[in-house]
Amino acid sequence: MSTPHPAAAPYAVLRVDRRKAKAMAAIAASSAHTMREKPTPNADPDGVAPLVLYLADGKTPYQAARHLLDGAERRNRDTVLCREIVLSASPSYFRPGRESMGGVFEPSKVKAWAAASLGWAKRQWPDQLASFVIHADEQNIHAHLLVVPRVKSAAGVWKLNSKALFDRERLRELQTGYGKALAPLGIRRGEPGSQAKHSEVRQFYGAVNAAKSLPERVKLPPAPKPPLPPRGIAEGAVNVLGTLFGIETLHQRTLKAHAAEMTQWRETCRELRQRDAAEWQRLKAQSKLAPLMGRQQKVATPQSSSPIKSEPVARRPSSGPR
C-alpha cells in the first residue's frame, strides 16, 4: 500500500548514468570526480567536502570497486565493469519554501534522506554496492554510487552481467523501489516516463556550454582583522583612565574604525552575493529559453519541400582562408 502524498510533494530522483565503465581508467575518473580530486565547474570550490557513507573496501570508490571486481569473470573487453548512479530528491524537500536558494539544506532532512537512501541501496545491491558518497557543494544535495554488476552463478562463481541488473524493466523497478523507500519522508516516485526534470538539467548545462564557461563564483574578501587589546600595564592604565574621564583613547578610536570597516565589509559581501545570485538566475533563464530560440531559428530558415535545380555559378578562386 503506497503512502498518500499531497499534489506538491517532492519527487525522488534516481539516475543511472548512460556511460558504462568498461575499463579501470573510467572507474578511476569517476572516483576522482566523486572525491573532488579534479576541478568540478558546477561545484563550490569552498563547499563541503564529499561525505563518504559507505565503501566496500579501501579508501576511495576506485579501490572499493576494484575489490568487488577481484575474481569476477569478465566475458570480453566490452563487458561493463561498473555503473554510476545518482540519488537525490526535489529541492522542495531539502529546503521547503526556499527552493531557489541553491546550496541551502535543512540538516535533519538531509540526515533522514541519507539514511533512507543508503539503507535502500544496501538492500538493493548487497553484493554489488562499491561506494556511497554525498555531495553537498552543488545546487542540490545528492549521492554518487558505484555499483559493480556482478552476479553469482549456480556454480557459485561471480560473473559480470550489467543487463541482469540494469535492463529496462529493472530500471523501472529501481525507480519504484526508491520511491517507496523515501515515501515515509513525504517523497514520492517521479512520474513514469516523464523527462521534465532531465530536460531542464540538459537545457541548463546546454546554456552553460553555449556560454563557454560557468560564471565565476564570487570570492568574498577577507573580514577586517580586529585590533589587538591594549598591551602592557601602561597602555591598559591609559585606556581605563580615558574611559573613566570620558576621553576617547587610541584603542577606542581603533575599535570604532574597525566597526566601520566591518559594516562596509558586510555591505560589500551582500552586494557580491546578490550579483552572484543574479548571474546564476540569468543563466537559468537563458537555459529555459534555449528550446524556444532553437525553434525560432528553424522557422527563420524554412526548407523548401521541393528542391530547385539551379545553374552552377562560376566562383572566383579563393585568396586564402577567411
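Please refer to the structure higher up on the page.
Residues numbered from 1 in each chain as written. Predicted model: local features only at pLDDT ≥ 70, side-chain atom pairs only at ≥ 80, totals over all residues. Heavy atoms only, no water.

A. Examining the overall build of the protein chain more closely. Secondary structure summary: the protein chain contains nine helices and seven strands in total. For the protein chain, the residues scored as buried account for 32% of the 322 residues in total. When contacts within the protein chain are restricted to residue pairs at least 6 apart in sequence, long-range pairs at least 24 apart make up 71% of them. Entry remark: accessible area of the protein chain is about 21400 Å², with carbon and sulfur atoms responsible for 56%. (Helix = DSSP H or I, 4+ residues; strand = E, 2+ residues; numbered from the N terminus. Buried < 20%, exposed > 50% of the residue type's maximum accessible area, 1.4 Å probe, protein only. Contact = heavy atoms within 4.5 Å. Areas by Shrake-Rupley, 256 points an atom, 1.4 Å probe, with all protein chains shown as cover.)

B. View of the nonpolar core. Counting 31 residues, the largest nonpolar core has Ile85, Leu87, Trp113, Trp120, Trp125 and Leu145 as its most contacted members. Looking at this core, the elements that each hand over two or more residues are β1 (12-16), β3 (83-89), α3 (91-94), α4 (107-124), β4 (129-135), β5 (142-147), α5 (162-166) and α6 (168-182). The element contributing the most residues to this core is α4, with seven residues. Those residues in contact with Trp125 that lie beyond four places of it in its chain are Ile85, Trp120, Leu145, Val147, Phe166 and Leu174. By size, the runner-up hydrophobic cluster in this structure holds 14 residues, among which are Ala21, Ala72, Cys82 and Leu160. (Core = buried A, V, L, I, M, F, W, Y, C linked by side-chain atoms within 4.5 Å.)

C. Structural view of the environment of Leu174. With respect to the secondary-structure elements, Leu174 resides in helix α6. Expressed as a C-alpha distance, the spacing of Leu174 and Gln124, which sit 50 residues apart in the sequence, is 8.5 Å. Setting aside its immediate chain neighbours within four residues, Leu174 contacts Leu14, Trp120, Gln124, Trp125 and Phe166.

D. Fine view of the environment of Val133. Turning to its location among the elements, Val133 is positioned in strand β4. Residues contacting Val133, with those up to four places away along its chain left out, are Thr34, Met35, Pro50, Leu51, Val52, Pro61, His142, Ala143 and His144.

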